Amino acid sequence: MLPFMTQTPTGQTMRGILVERLGPPEVMQLRDLPVPQPGPGEVRLKVEAVGINFADVLAVAGEYLTRTRVPYTPGMEFAGVVDMLGEGVTGVQVGQRVAALGGRGSLAQYAVCPAAGLVPVPENLNAAQAAAFPVSYFTAYHGLKTLGRGVAGEWVLVQAAAGALGTASIQLAKALGMHVVAMASTEEKLEIARGLGADVTLLQDDPDRVQKVRDAAGGKGVPLLLEVVGGKRFQESLDMAAPLGRIIVIGNASREQANLRPFELMKRNLTVTGLWLTPLMTDREATREAAEVLTRLVASGQVTPQVGPTYALADSPRAFQDILDRKTTGKVIIEPGR
Ligand code: NDP
């Protein structure tokens with residue numbers, strides 16, 4: 001036996017989710033699947049917790065930024081224990097606790113991913129917290145700092161504030177010394193945002209929301225907005241922005257089209273910037289800087305990944321539907337070992 005191999009023989013099966021056609025969450029089927037073998041440069045993890053992102057829901061629906069090829073097993077963000085190393089992998093040990101970002105296939109008992117996609121897990125995080133960490137916190141960092149260029153003392157607007165990215169954005173903005181206006185659809189969600197330090201909270205459907213956001217930040221609007229809802233809300237984001245404001249387009253949870261008339265940007269010197277985490281992770285310098293700051297803040301307890309509802313593997317369709325129905329807060333977690 002080669003030194004990088006463990007005892008799990010080829011040909012063994014495991015429980016996992018399979019999507020054979022794209023569509024609503026019920027297209028996800030629990031099946032017996034072959035245990036995957038890591039190729040060169042890859043590692044295999046025994047999966048303990050999978051973080052479910054809005055992107056997973058869109059990918060299963062066939063509405064993501066990239067085309068979803070079927071059949072496939074969803075799950076791009078997960079945490080677990082390294083179980084097997086592919087050829088050429090160094091710097092990772094069997095038995096090590098890690099989180100993984102990128103790829104697919106983690107809604108199963110075992111998953112492989114590129115060794116380059118591993119994120120070390122701070123000692124103080126459990127598996128669910130580790131699985132709730134990479135996507136939301138790296139995205140929040142790039143939105144607030146790398147692309148948003150936010151500075152201490154500035155106001156930032158956080159939409160869907162009780163969600164996975166929203167809670168990460170509030171915590172991180174506060175840790176960086178910024179002031180936060182948080183918006184969400186219910187009072188319960190606003191309570192969560194306040195608990196994390198949001199300075200001003202507003203219901204997403206408050207009839208005076210545009211004026212209230214402007215007033216919160218001294219009357220002129222907010223200099224930085226993390227836009228995740230899209231559709232008609234995008235126009236509102238432009239209206240809520242201060243002169244010279246930066247609007248970082250991160251998502252389109254409404255799944256509606258938005259209209260952008262470039263002429264309107266000129267009037268108040270606004271900047272609209274798109275953010276997609278996947279290609280940003282290949283920017284070594286940006287990733288190194290984000291990892292350094294985030295690891296320090298997590299290790300010191302200044303930010304703590306917010307774990308939302310947890311589900312068994314068999315309940316994956318329900319977990320996805322709950323995200324679509326806006327029933328969840330924090331990061332939805334699926335535990336394949338449960
Ligand atoms: P969340 O946990 O935030 O769940 C989605 C939230 O979106 C809901 O809870 C809801 O909050 C809000 N929402 C607003 N309108 C709708 C709607 N019509 N249908 C459903 N939900 C709606 O998910 P994530 O943290 O995973 O993602 C949040 C957003 O950020 C998504 O748009 C996602 O695509 C994006 N994202 C983008 C990344 C990138 O790389 N660009 C990386 C990570 C996330 P409420 O009820 O309060 O309105």
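Residues numbered from 1 in each chain as written. Predicted model: local features only at pLDDT ≥ 70, side-chain atom pairs only at ≥ 80, totals over all residues. Heavy atoms only, no water.

**Quick look at the confidence of the model for the protein**
- Chain-level pLDDT for the protein is 94 on average; 97% of the residues reach the 70-or-more range.
- Contacts of residues 1-7 to residues separated by more than four positions or lying in other chains number eleven contacts, the stretch itself having pLDDT below 50. (pLDDT = per-residue confidence, 0-100. Contact = heavy atoms within 4.5 Å.)

**Overview of the pattern of salt bridges**
- Within this structure, the stated rule accounts for 19 salt bridges.
- Notably, a salt bridge pairs Arg209 with Glu236, separated by 2.7 Å at the nearest N-O pair. Here the residue Arg209 occupies a position in helix H6 (residues 209-216), and Glu236 occupies one in helix H7 (residues 232-240), the gap between them amounting to 27 residues. Across the pair, exposure class does not vary: Arg209 and Glu236 are buried alike.
- Measuring nitrogen to oxygen at the nearest pair gives 2.7 Å for the salt bridge that ties Arg261 to Glu264.
- On the accessibility criterion, Arg261 (47% relative accessible area) is partly exposed. (Salt bridge = Lys/Arg side-chain N within 4 Å of Asp/Glu carboxyl O. Helix = DSSP H or I, 4+ residues; strand = E, 2+ residues; numbered from the N terminus. Buried < 20%, exposed > 50% of the residue type's maximum accessible area, 1.4 Å probe, protein only.)

**What about the sheet that holds strand S13 (residues 271-274)?**
- A sheet is described by the order of its strands in space; here six strands give the open sequence S10-S9-S8-S11-S12-S13, paired in parallel fashion. In this open sheet, the two strands that pair with only one neighbour each are strand S10 (200-203) and S13. Strand-to-strand twist of the sheet, defined as the mean angle between neighbouring strand axes without regard to direction, takes the value 20°.
- Inspection of the sheet shows strand S9 (residues 179-184) paired to S10 by four bridges, in the parallel sense. Following the sheet pairing, Ala182 is matched in S10 by Thr201.
- Along the sheet face, H6 touches strand S8 (155-158), S9, S10 and strand S11 (222-227) and points at about 175° away from the line of S10. (Pairing = 2+ DSSP bridges. Axes fitted to C-alpha atoms, helices over the stretch in contact; angles between N-to-C directions.)

**A word on the site of the ligand**
- As a structural note, the neighbourhood of the ligand is formed by 25 residues, with Leu165, Ser185, Lys189, Leu275 and Leu277 the closest of them.
- Between Ile250 and the ligand, the recorded distance is 2.9 Å, taken from a backbone N or O atom to a nitrogen atom.
- At a separation of 2.8 Å, an oxygen atom of the ligand approaches a polar backbone atom of Leu277. (Near = heavy atom within 4 Å. Polar contact = N/O pair within 3.5 Å; in protein donor to acceptor, adjacent residues only side chain to side chain.)

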